[in-house]
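What follows is each chain in one-letter form.
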Amino acid sequence: MGHWIYEFKGCPDTGCYQQIANEVEPGEVVVRERVAGPGIVDGFVRESFDNVMMVAHFRWVATGDPSTVMPELLRAFAVARRRGL
């Protein structure tokens, strides 16, 4: 089993970037703490993934304190699921 590549896009401050992940399969949401801003997180929702190429695409939803980002992530996740994404 190899490593997944996570592609993050849409974050206004960090732009698009990739990260190698060790998970068996990517989750639906990712919360990442900002290195330059302790206690500040970026929240992303998975848009798609490719099991063959082992690439998962995530789009940015919100940035801020985790208590404010999580509700936004859950709301975006629910909307994406209703749309079949």
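Our structure's up above, just so we're on the same page.
Bear in mind the structure is a predicted one, so any value in this text is a computation, not a measurement.

**Q** Help me understand the sheet that holds strand β5 (residues 55–64), please; the structure alone is not making it clear to me.
**A** Backbone-to-backbone hydrogen bonds join strands into a sheet, with any given pair of strands oriented parallel or antiparallel. Here five strands make up an open sheet; going across it, the order is β2-β1-β5-β4-β3 and the pairing mixed. Each edge of the open sheet carries a strand with a single partner, namely β2 (15–21) and β3 (29–33). Each neighbouring strand pair of the sheet contributes to a mean axis angle of 30°, computed without reference to strand direction. In this sheet, strand β4 (residues 41–50) lies alongside β3 in antiparallel orientation, the contact comprising five bridges. Among the inter-strand pairings, Glu33 is bridged to a residue of β4, identified as Val41. With respect to the sheet, helix α1 (residues 66–82) is in contact with β3, β4 and β5, its orientation differing from that of β5 by roughly 135°.

**Q** Teacher, can you tell me more about the side chain of Arg34 here?
**A** Looking at where Arg34 falls in the secondary structure, it is placed in the loop between β3 and β4. With a relative accessible area of 18%, Arg34 lands in the buried category. Of note is the side chain of Arg34, whose polar atom sits 2.8 Å from the side chain of Asp42. A polar atom in the side chain of Arg34 sits 3.5 Å from the side chain of Thr63.

**Q** Explain the environment of Pro66 here, please?
**A** Position of Pro66 among the secondary structure elements: in helix α1. For the pair formed by Pro66 and Gly43, sequence separation is 23 residues and the distance between their alpha carbons is 8.6 Å. Among all residues touching Pro66, those that are not within four sequence positions of it are Gly39, Val41 and Pro71.

**Q** Help me understand the packing of aromatic side chains, please; the structure alone is not making it clear to me.
**A** Working definition: an aromatic ring pair is given by the centre-to-centre distance plus the angle between the planes. Considering all chains together, one arrives at six aromatic pairs under this definition. Ring geometry for Trp4 against Phe49: centres 5.9 Å apart, planes inclined by 65°, an arrangement best described as edge-to-face. Of the two residues, Trp4 sits in strand β1 (residues 4–11) while Phe49 sits in strand β4, which places them 45 residues apart along the sequence. Connected via pairs of aromatic rings, a cluster forms that spans Tyr6, Phe8, Tyr17, Phe44 and Phe58. Here the guanidinium or amino end of Arg32 rests over the ring plane of Phe8, the centre of that ring lying 5.5 Å away.

**Q** For this particular structure, what's the right way to read the pairing of β4?
**A** Side chains on a regular strand alternate between the two faces of the sheet. With nine bridges joining them, β4 and β5 adopt antiparallel strand pairing. When the bridges of β5 are listed, Ser48 appears paired with His57. From the end of β4 to the start of β5, which pair antiparallel, there are four residues, and Met54 there has a positive phi angle of about 55°.

Scoring rules and cut-offs
Residues numbered from 1 in each chain as written. Predicted model: local features only at pLDDT ≥ 70, side-chain atom pairs only at ≥ 80, totals over all residues. Heavy atoms only, no water. Pairing = 2+ DSSP bridges. Helix = DSSP H or I, 4+ residues; strand = E, 2+ residues; numbered from the N terminus. Axes fitted to C-alpha atoms, helices over the stretch in contact; angles between N-to-C directions. Contact = heavy atoms within 4.5 Å. Buried < 20%, exposed > 50% of the residue type's maximum accessible area, 1.4 Å probe, protein only. Polar contact = N/O pair within 3.5 Å; in protein donor to acceptor, adjacent residues only side chain to side chain. Phe/Tyr/Trp six-rings, centres within 6.5 Å; stacked < 30°, edge-to-face > 60°. Lys NZ or Arg CZ within 6 Å of the ring centre and 35° of its normal.

These results come straight from atomic positions and should not be treated as a statement about function.
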